[in-house]
Amino acid sequence: MERSREHEEEEEWDRAAASHETTKTVFIEDAFKTTGVPPWTKQITLRAMGTSLLLSLVFNFIVCKLNLTTGVIPSLNVAAGLLGYALIKAWTTILAKVGFLKQPFTRQENTVIQTCVVASSGIAFSSGTASYLLGMSPRVAGQGDSGNTPANIKKLSIGWMMGFLFVVSFVGLFSIVPLRKIMILKYKLTYPSGTATAYLINSFHTPKGAKLAKKQVMVLFKSFVFSIAFAFFQWFYTAVDGCGFSNFPTFGLQAYEKRFYFDFSSTYVGVGMICPYMVNVSLLVGAIISWGIMWPKIEDKKGIWYSADLSPSSLHGIQGYRVFIAIAMMLGDGLYHVLFMLMKTILSLISKNSSKDSSIVTPDFTDRDAQIANYDEQRRTEFFLKDQIPDKVAIAGYIILAIISIIAVPFIFHQLKWYHILVAYTIAPVLAFCNAYGCGLTDWSLASNYGKLAIIIFSSWVGLEHGGVIAGLASCGVMMSIVSTASDLMQDFKTGYLTLSSPRSMFVSQVIGTAMGCFLTPLVFWFFYNAYPIGDPEGTYPAPYGLLYRGIALLGVEGISSLPKNCLNLVIGFFIAGFVINLVQELLKRKETRFKIYRFIPSPMCMAIPFYLGGYFAIDMCVGSLILYIWEKKNKQKATDFAPAVASGLICGESLWSVPAAILALVNVKPPICMKFLSASVNAKVDKFLDGS
């Protein structure tokens, strides 16, 4: 019976494909005409929630590790969709063989899993465990010489961290719900990530797509096994810090001292295969400008520009130049994108509202093309409007949750008063709309930029004496949570629209995924926090954004007085550069279309990240880009089909090895070997010392 049904589905798809070849049109829903759409209550199943919980735990570990190492996090949508499909498909196949399958696996259920997992891993990013929350800790505060008063430090605790996330993370979900029909149906915003995810899920549930998905899962599994096995092998050579393959001086010891080396990280090779080429090149360019040129020149001014007696981690020494110049470039880049997105949003709204009927789209199709396109659109609109979320419920939910947050947050952070939170929640819906609308146009989420602006505004409002550093960092969490979850939810609505998933199931699964993230993220972070010296610039997990976000708060409360000598001039220069580089790129994109030079202009935000960390991870990512480039030259189709699976396996394998590695560290089980690299002169001294002993 099962084989007969699969055969019929394949014949149906082949007929649809033949029709596609004849008319040369792209259609989706015509291929699913014979497949029923379950009600929204049947789209959220126990097996979907169980799978979501398992994958949420896995992806929380991955995102947490990436956050604590470099803060560069690629899109994991492909991995989440593929793994969700593979787990449920395997389960339903087993049940079907023994005759216990009661409900088939649908693309709507697949979308629910995807939404849950992405919502949970999104909390791992917006929770700030590696940025604004970590910036409050004594570990990070101790790296600076100012702002270390008791009012500006908060000891991290899993209890208040989890409570804070539960209080602030759900408000943003209700802020944007009333606008879903306007965004999806009237303005027809593309939401590129949501659209790509929907097409991926749709393809899994066609006969040909299912065959490809099986191959992709096998490739991902092989890549995963290689990655975790290689990470396990490397562990044996890391008895103490500074040992092992991760400290291999690939380009010589002098380059190694300037943090230019390949550290054999499967994770960042995989990240490099996913990220666009220009992102990886931008990181490398930033590393060369900072660690190759600027920092050596500034270090030559030691004793003139800053005291020679300062520790290397002092923000009044060389570390201050690294941190504040990186912050300046990020803020310049962020300001440009905020202004650009606001202008684009306003102009787009004016254009759409001034048209005679903005809800009607007249595509340049043939009659049959238009018929199929209209069929797709009508069917999707029908199901999108079927299960509505009443606007009254959304507005009431926002107000009630905002009141709870206004009351609860000051108990967690006494530096913030109720009126601070009230102001944040008053302006947050406007920013959430701007971010969700801009994300629909360009796929850029500016949540972290809005968070940085909140740090400066609220930290300067509260002041240093009254705990402005903590107030600014906490307000960043409030703002980021609202803005980030709002755009994520609208992406999910777009995915649901294209897969005929109910808006209610999307909203409920987003709520469940957010709850999973609020519970799992602090637990996963606490696991790492107790196993390793998180935030140590020279350690395995430097967590760069912790110090960077605290630096922004110090700028807010202290102003330019917190900057080392001549740092202000450099900060202003790099702030302007971050803005101007983006402006030049946009102008070239519009005016110069022959050679498309804009494609080769680096991203200021990406260039700023290695200012603090160094170039080692940028080299890893460029290796990933090189692998992908060669693969595409040899066989572009195979690279397109399997590169995301290979990259996801590399990321998952090494990232998940960090779990047993952390457990071994907690129980004081150390690797047996230290593999270290010395210069010939130092090695001779060591030999002489050993012979003498």
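Residues numbered from 1 in each chain as written. Predicted model: local features only at pLDDT ≥ 70, side-chain atom pairs only at ≥ 80, totals over all residues. Heavy atoms only, no water.

**Re the overall build of the protein chain**
Thinking step 1. For the protein chain, the helix and strand inventory stands at 27 helices and zero strands.
Thinking step 2. Its C-alpha atoms give the protein chain a radius of gyration of 26 Å, within 12% of the compact-globule value 26 Å for 693 residues.
Thinking step 3. Of all 693 residues assigned to the protein chain, the portion counted as buried reaches 55%.
Thinking step 4. For the protein chain, the share of sequence-separated contacts (at least 6 apart) that also reach a separation of at least 24 residues comes to 83%.
Thinking step 5. Put simply, the protein chain shows about 30,200 Å² of open surface, and 65% of that area lies on carbon and sulfur atoms.
Thinking step 6. If the 58 positive side-chain charges of the protein chain are averaged to one point and the 44 negative ones to another, these points end up 1 Å apart. (Helix = DSSP H or I, 4+ residues; strand = E, 2+ residues; numbered from the N terminus. Rg over C-alpha atoms; globule rule 2.2 N^0.38 Å. Buried < 20%, exposed > 50% of the residue type's maximum accessible area, 1.4 Å probe, protein only. Contact = heavy atoms within 4.5 Å. Areas by Shrake-Rupley, 256 points an atom, 1.4 Å probe, with all protein chains shown as cover. Lys, Arg positive; Asp, Glu negative; His and termini not counted. Charge placed at Lys NZ, Arg CZ, Asp CG, Glu CD.)

**What about the confidence of the model for the protein chain?**
Thinking step 1. Of the residues in the protein chain, 92% reach a pLDDT of 70 or more, and the chain-wide mean stands at 86.
Thinking step 2. Between the elements of the protein chain, mean pLDDT differs from a low of 43, seen in helix H1 (residues 2-23), to a high of 96, seen in helix H7 (residues 158-168).
Thinking step 3. This stretch, residues 1-26, has a pLDDT under 50; its non-local contacts, to residues over four places away or in other chains, come to 22 contacts.
Thinking step 4. Overall, residues 356-367 carries pLDDT values under 50, and its contacts beyond four positions in sequence, including any with other chains, amount to seven contacts. (pLDDT = per-residue confidence, 0-100.)

**Notes on the side chain of Ser405**
Thinking step 1. Within the element layout of this structure, Ser405 appears in helix H17 (residues 391-412).
Thinking step 2. Its relative accessible area of 0% is what places Ser405 among the buried residues.
Thinking step 3. Setting aside its immediate chain neighbours within four residues, Ser405 contacts Val167, Val168, Pro410, Ile421 and Tyr425.

**Here we look at the environment of Val117**
Thinking step 1. Looking at the secondary structure, you find Val117 in helix H5 (residues 107-126).
Thinking step 2. Along the chain, Val117 and Gln510 lie 393 residues apart, while their C-alpha atoms are 8.7 Å from each other.
Thinking step 3. Among residues more than four places away in sequence, those in contact with Val117 are Ser52, Leu55, Ser56, Phe59 and Ala80.

**Digging into a nonpolar patch on the surface**
Thinking step 1. A surface patch of nonpolar side chains, amounting to about 580 Å² of accessible area, comprises Trp418, Tyr419, Leu422, Val423, Ile427 and Trp461.
Thinking step 2. Among the structural elements, Trp418 can be located in helix H18 (residues 418-442).
Thinking step 3. Overall, Trp418 belongs to the exposed group, its relative accessible area being 51%. (Patch = residues over 30% accessible without salt bridge, like charges linked within 9 Å, V, L, I, M, F, W, Y side chains within 5 Å. Salt bridge = Lys/Arg side-chain N within 4 Å of Asp/Glu carboxyl O.)

**Comments concerning the environment of Met490**
Thinking step 1. Relative to the helices and strands, Met490 resides in helix H20 (residues 468-499).
Thinking step 2. Residue Met490 is classed as buried on the basis of its relative accessible area of 0%.
Thinking step 3. As a C-alpha pair, Met490 and Met183 span 307 residues in sequence and 8.1 Å in three-dimensional space.
Thinking step 4. Beyond its immediate chain neighbours, meaning those up to four positions away, Met490 contacts Ile176, Leu179, Arg180, Met183, Ile184, Tyr191 and Ala436.

**Points about the packing of aromatic side chains**
Thinking step 1. By the definition in use, this model includes 46 aromatic pairs.
Thinking step 2. Each ring, one from Trp295 and one from Phe611, has its centre 5.9 Å from the other, and the planes form 85 degrees; the classification is edge-to-face. Here the residue Trp295 occupies a position in helix H14 (residues 277-299), and Phe611 occupies one in helix H24 (residues 604-613), the gap between them amounting to 316 residues. Considered together, Trp295 and Phe611 belong to a single accessibility category, that of buried residues.
Thinking step 3. Among the aromatic residues, those joined into a cluster by ring pairs are Phe226, Phe230, Phe233, Tyr237, Phe245, Phe248, Phe262, Phe264 and Phe677. (Phe/Tyr/Trp six-rings, centres within 6.5 Å; stacked < 30°, edge-to-face > 60°.)

**Re the pattern of salt bridges**
Thinking step 1. Tallied over the entire structure, the rule returns seven salt bridges.
Thinking step 2. Its salt-bridge partner being Arg47, residue Glu109 comes within 2.6 Å of it at the nearest N-O pair. Taken as a pair, Glu109 in helix H5 and Arg47 in helix H3 (residues 46-69) lie far apart in primary sequence, 62 residues in all.
Thinking step 3. Of the charged contacts in the structure, one is a salt bridge between Arg322 and Glu299, with a shortest N-O distance of 3.7 Å. Taken together, the residues span a long stretch of sequence, with Arg322 in helix H15 (residues 318-354) and Glu299 in helix H14 at a distance of 23 residues.
Thinking step 4. Look at Arg322 and you get buried, because its relative accessible area is 8%.
Thinking step 5. Judged by relative accessible area, Glu299 falls into the partly exposed class, the value being 31%.
Thinking step 6. Where salt bridges share partners, they join Lys258, Glu299 and Arg322 into one cluster.

**Regarding the nonpolar core**
Thinking step 1. Formed by 186 residues in total, the largest nonpolar core has its most connected members in Phe59, Phe164, Phe413 and Tyr425.
Thinking step 2. Ranked by residue count, the leading element in this core is H20, at 17 residues. (Core = buried A, V, L, I, M, F, W, Y, C linked by side-chain atoms within 4.5 Å.)

**Overview of the state of the cysteines**
Thinking step 1. Considering all chains together, one arrives at one disulfide under this definition.
Thinking step 2. We note that Cys116 lacks a disulfide partner, and the nearest cysteine sulfur, in Cys518, lies 12 Å from it.
Thinking step 3. Judged by relative accessible area, Cys116 falls into the buried class, the value being 0%.
Thinking step 4. In this structure Cys518 comes out as buried when scored by relative accessible area, which is 0%. (Disulfide = S-S within 2.5 Å.)

**A closer look at unusual backbone geometry**
Thinking step 1. Positive phi, normally seen in glycine, also occurs at Phe264, with a value near 60 degrees.
Thinking step 2. Tracing the chain through its elements places Phe264 in the loop between helix H12 (253-257) and helix H13 (266-274).
Thinking step 3. You will see that Asn668, though not glycine, has its phi angle at about 60 degrees, which is positive.
Thinking step 4. Within the secondary structure, Asn668 sits in the loop between helix H26 (636-666) and helix H27 (680-692).

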